[in-house]
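For reference, the chains in residue letters:
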Amino acid sequence: MVDVPTLVEQARQGAPRAVARLISLVEGASPLLREVMAALAPLAGNAYVVGLTGSPGVGKSTSTSALVSAYRRAGKRVGVLAVDPSSPFSGGALLGDRVRMSDHASDPGVYIRSMATRGHLGGLARSAPQAVRVLDAAGCDVILVETVGVGQSEVEIASQADTSVVLLAPGMGDGIQAAKAGILEIGDVYVVNKADRDGADATARELNHMLSLGESRGPGDWRPPIVKTVAARGEGIDEVVEALEKHRAWMEEHGVLGTRRAARAAREVETIAVTTLRARIADLHGDRRLDTLAERIVAGSLDPYAAADELVAGLTGEG
């Protein structure tokens, strides 16, 4: 048996085991999940959520670790949610040991958690929003969400973070490929990492050019800055933090932060509702309703859209 109120109170006090247990309940879709979320709801909403994304090999984990160090120097409590691809054998996160963040393993002001995508597309785990809420309620000032290496459709982080950081590196492909991947449309801050390599200046210039194409920003609109870093040596990280704080201040001044968080909550509600409905449909196996609708479609007396409407109405109690 799990005592949810006690677990939540321990998490608020910074007990890492309590935080870990809550996130495990979230990941496992525990029957206690609704009670956990109800207990956390009044406590969340204070953390600044920063998403980091980019192609594999650009240095996301190294950059995340460097940002943790910078925020810790500023006295901030930091949570890290590192989303990794799933092992085809265990189903767990492939990089669960977070070897690149081992410097922070003994820091009580830092909580690092790996989550497996478990086949969910978009670069994040399906339960990532709820895990972020756990870290938020646990008193983290800043939450860094590191996605898996993005491809042409894995840009979900843009809808899950207050500020999205897109990382690129010299030699990782030209600007056209970046635009094709969609990452030039989601960034609030762009980072050219591994700037000590040849081609870093050219990459930054090309990125700046790509961002300016079709630009239709007004005088007060946010223009994403481009910061060059060498994360492995901590170079340029303070400039990244400065850019993040400027973006946060701009969002607060223009009311964008509240709008983004409301949109994020709306998407979360929609996802939960759709998941619940899908589970109810799955429960219909062995129920004649679904079979009857299918038979009517085959007979030509009903079209699939009308059948879907009838099914949803029956599941939701409408009509």
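Quick summary incoming for the structure in this document. Note that the coordinates shown come from a computational prediction; the quantities given were computed from them, not determined experimentally.

Definitions and cut-offs
Residues numbered from 1 in each chain as written. Predicted model: local features only at pLDDT ≥ 70, side-chain atom pairs only at ≥ 80, totals over all residues. Heavy atoms only, no water. Salt bridge = Lys/Arg side-chain N within 4 Å of Asp/Glu carboxyl O. Helix = DSSP H or I, 4+ residues; strand = E, 2+ residues; numbered from the N terminus. Buried < 20%, exposed > 50% of the residue type's maximum accessible area, 1.4 Å probe, protein only. Pairing = 2+ DSSP bridges. 1 Å grid on protein atoms, 1.4 Å probe; cavity = no way out; pocket = protein on both sides within 12 Å on 5 of 7 lines; lining within 4 Å. Points joined across faces, edges and corners; volume = space filled by probe spheres on them. Nonpolar A, V, L, I, M, F, W, Y, C, P; charged D, E, K, R; others polar. Expected span 1.5 Å × (residues − 1). Arc of directions from axis to C-beta.

**A few points about the pattern of salt bridges**
What the rule picks out here adds up to 13 salt bridges. Among the ionic pairs, D196 bridges to R233, the shortest N-O distance being 3.3 Å. Of this pair, D196 sits in the loop between β6 (189-192) and α7 (200-212) while R233 is found in the loop between β7 (226-228) and α8 (237-254), placing the two residues 37 residues apart along the sequence.

**Focus on the pairing of β6**
Taking every second residue as pointing to the same face, both faces of β6 are buried, with V189 and V191 on one and Y190 and V192 on the other. Taken together, the four bridges between strand β5 (residues 163-168) and β6 define a ladder with parallel strand orientation. Across the sheet, residue V166 finds its bridge partner in β6, namely Y190. Direction of pairing for β6 relative to β7: parallel, over a ladder of three bridges. Across the sheet, V192 pairs through a bridge with K228, a residue of β7.

**Quick word on empty space enclosed by the protein**
What the rule picks out here adds up to two cavities of 30 Å³ or more. When its volume is computed, the second largest cavity comes out at roughly 40 Å³. Together, L52, S63, L67, V165, L167, V191, I237 and V240 line the second largest cavity. When residues of the lining of the second largest cavity are traced back to their parent elements, those giving at least two are α4 (60-73), β5 and α8. The residue inventory of the lining of the second largest cavity, partitioned by class, reads seven nonpolar, one polar and no charged.

**Here we look at α7**
Compared with an ideal rise of 1.5 Å per residue, which puts 13 residues at 18 Å, α7 spans 18 Å between its outermost C-alpha atoms and is within 8% of the ideal. Along α7, the residues that are buried comprise A200, T203, A204, L207, M210 and L211. Burial along α7 is one-sided: seen end-on, the buried residues are contained in an arc of 125°.

**Focus: unusual backbone geometry**
Even without being glycine, K194 reaches a positive phi, approximately 60°. Relative to the helices and strands, K194 is located in the loop between β6 and α7.

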